[in-house]
Amino acid sequence: MNGTTVRVRRTGGTLRVGEPPAHPEWTALVEARGAVLTWDVPAESAVPAAEIHDAALAADWLWQLYGSAADTVLAVADGAEPVEITLPEDAGRSPVALALRRLALLGWQEAWWPASFVAGVPALPAVPRRVEAAVVAADVEELLDDEDAVERLLLRATASGHPPAALTALFDHPELGEQALELADRLAEVAEVWGVPPTVPARTEPRPAAWALAAGGTVDAGLGGPSGGGPVDWTLVPAGLVDAGAGLRWALVRRQERSLLEVAVPRAPGAPAEAVAAPLRARGDGVEFDLGMSDDGREFVGAGAVPATALLVPAARRRVVVWAPEFAPAGAEPAPAAELAERQSAVLAYARRRLAAPDGSLAERAAALLGHEYGDGS
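This text gives an overview of the structure that appears in the document. These numbers were taken from a predicted model, which means no experiment stands behind them.

**Digging into the environment of Ala282**
You can see Ala282 is positioned in strand 10 (residues 280-284). Since its relative accessible area comes to 0%, Ala282 is described here as buried. Each C-alpha atom of the pair Ala282 and Gly302 lies 7.9 Å from the other, and the pair is 20 residues apart in sequence. In contact with Ala282, not counting residues within four places along its chain, are Val263, Val287, Glu288, Phe289, Leu291, Val321, Val322 and Trp323.

**Some points on the packing of helix 4 (residues 95-112) against helix 5 (residues 126-139)**
For the pair helix 4 and helix 5, interaxial distance at closest approach is 9 Å and the crossing angle is 150°. Relative to helix 5, helix 4 is oriented roughly antiparallel. Here the hand of the crossing between helix 4 and helix 5 comes out left-handed. Residues Ala99, Arg102, Leu103, Leu106, Gln109 and Glu110 of helix 4 pack against Arg129, Glu132, Ala133, Val136 and Ala137 of helix 5. Looking at the contact of helix 4 with helix 5 residue by residue, the class counts come to six nonpolar, one polar and four charged.

**Concerning the packing of aromatic side chains**
For the structure on display, the rule yields two aromatic pairs. Residues Trp108 and Trp113 carry aromatic rings whose centres are separated by 6.3 Å and whose planes lie at 80° to one another, so their mutual orientation is edge-to-face. Considering the side-chain rings of Trp108 and Tyr350, the 5.4 Å spacing of their centres and the 85° angle between planes classify their relative orientation as edge-to-face. Residue Trp108 is found in helix 4, and its partner Tyr350 is found in helix 9 (residues 337-355); the two are separated by 242 residues along the sequence. One aromatic cluster is present, built from ring pairs that chain together Trp108, Trp113 and Tyr350. Across from the ring centre of Trp323, 4.8 Å away, lies the NZ or CZ of Arg283, which sits over that ring. Positioned over the ring face of Trp250 is Arg318, at 4.8 Å from the centre of the ring.

**Description of the sheet that holds strand 8 (residues 248-255)**
The pairing of strands in a sheet comes from backbone hydrogen bonds and takes either a parallel or an antiparallel form. The seven strands are arranged 7-8-9-12-11-10-13 in an open sheet whose pairing can be described as antiparallel. Edge positions in the sheet fall to strand 7 (227-230) and strand 13 (321-323), since each has one partner strand and no second. Across this sheet, the average inter-strand angle for adjacent strands is 25°, counted without regard to direction. With three bridges connecting them, strand 10 and strand 13 associate as antiparallel partners.

**Structural notes on the packing of helix 5 against helix 8 (residues 177-194)**
The geometry of helix 5 relative to helix 8 is characterised by a closest axis approach of 10 Å and an angle of 50° between their N-to-C directions. One finds that helix 5 runs oblique with respect to helix 8. The chirality of how helix 5 crosses helix 8 is left-handed. Seen from helix 5, the contacting residues are Pro128, Val131, Glu132, Val135, Ala138 and Asp139; seen from helix 8, they are Leu183, Arg186, Leu187 and Val190.

Scoring rules and cut-offs
Residues numbered from 1 in each chain as written. Predicted model: local features only at pLDDT ≥ 70, side-chain atom pairs only at ≥ 80, totals over all residues. Heavy atoms only, no water. Helix = DSSP H or I, 4+ residues; strand = E, 2+ residues; numbered from the N terminus. Buried < 20%, exposed > 50% of the residue type's maximum accessible area, 1.4 Å probe, protein only. Contact = heavy atoms within 4.5 Å. Axes fitted to C-alpha atoms, helices over the stretch in contact; angles between N-to-C directions. Parallel < 35°, antiparallel > 145°, perpendicular 65-115°, else oblique. Left-handed = near helix turned anticlockwise from the far one by under 90°. Nonpolar A, V, L, I, M, F, W, Y, C, P; charged D, E, K, R; others polar. Phe/Tyr/Trp six-rings, centres within 6.5 Å; stacked < 30°, edge-to-face > 60°. Lys NZ or Arg CZ within 6 Å of the ring centre and 35° of its normal. Pairing = 2+ DSSP bridges.

As structure tokens, this is what we get:
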């Protein structure tokens, strides 16, 4: 967006700068003082779109995002025609702007990181990500709308101890150790300011057996009978529960004189392998049923009885939906399969780029180097 033209309009007292990302899973967000900022994640946008609901509050810091164009943005009149404003080349490059973007991306990672055995995207270890979020939030504390954000993030980052064992376990890693030590030092500084005392020794035994790239798992391919598959809408399930690159599989089978619709969804890397009481449900052919963890802990499976006439429905016309009842909004429907595939492939491609990025966070680098088998106990 920087160095280019953005559309700015003010309606009902709210200023809107640029266009927000088109889809939830593309959106990294920060609630700042007087404005909500959103970055397009797959596009790797440096400058956010903004919805400014309190221009007086935002005026104190907006220049750090939009540079010399900030005053022009704030001057747009309510109800006037949209104004095209060219942002300076340095827009989004100030230390504050970079920190806000980093904080937004860390929040996005928690909500949308597409961990997948099938797509080769390891789960991000939660503890390093939480620690970095607390540290980065402290750097921009005065700009955040939530006055308790730093304290909340800090308490979450140190819930397993301060410093967390999952962080100190990386100190002796030949490639991650220096970055882990630096992050631990910053955490100590922030924790001291916020009055969080150390609770565990600063170092733990290294885990040399873990310092090897782990191979991804595979998922059994067939359920038997007429079968098919499709994507799972990520907006209908909790983050990190199902394999983001696998989709769902369904099959129509006959058992004990009954016709059954069987559905399976591979679990994501890092998702709990123990049985969970019906975390997901599936529906298709007019029936709904629970999906529970399979005996081998690799996928969520379930089946529901359907009329024998279901066997006459062409596979291409069968619509099977998987969702989490306590997560998805009531009555929510998935987007069309082709649209989901396009949206999700963009996120998976971004995640792969981040795993190879030289400026990766500690969580990203740990996932890239240690693979699917690395876990931090979070």
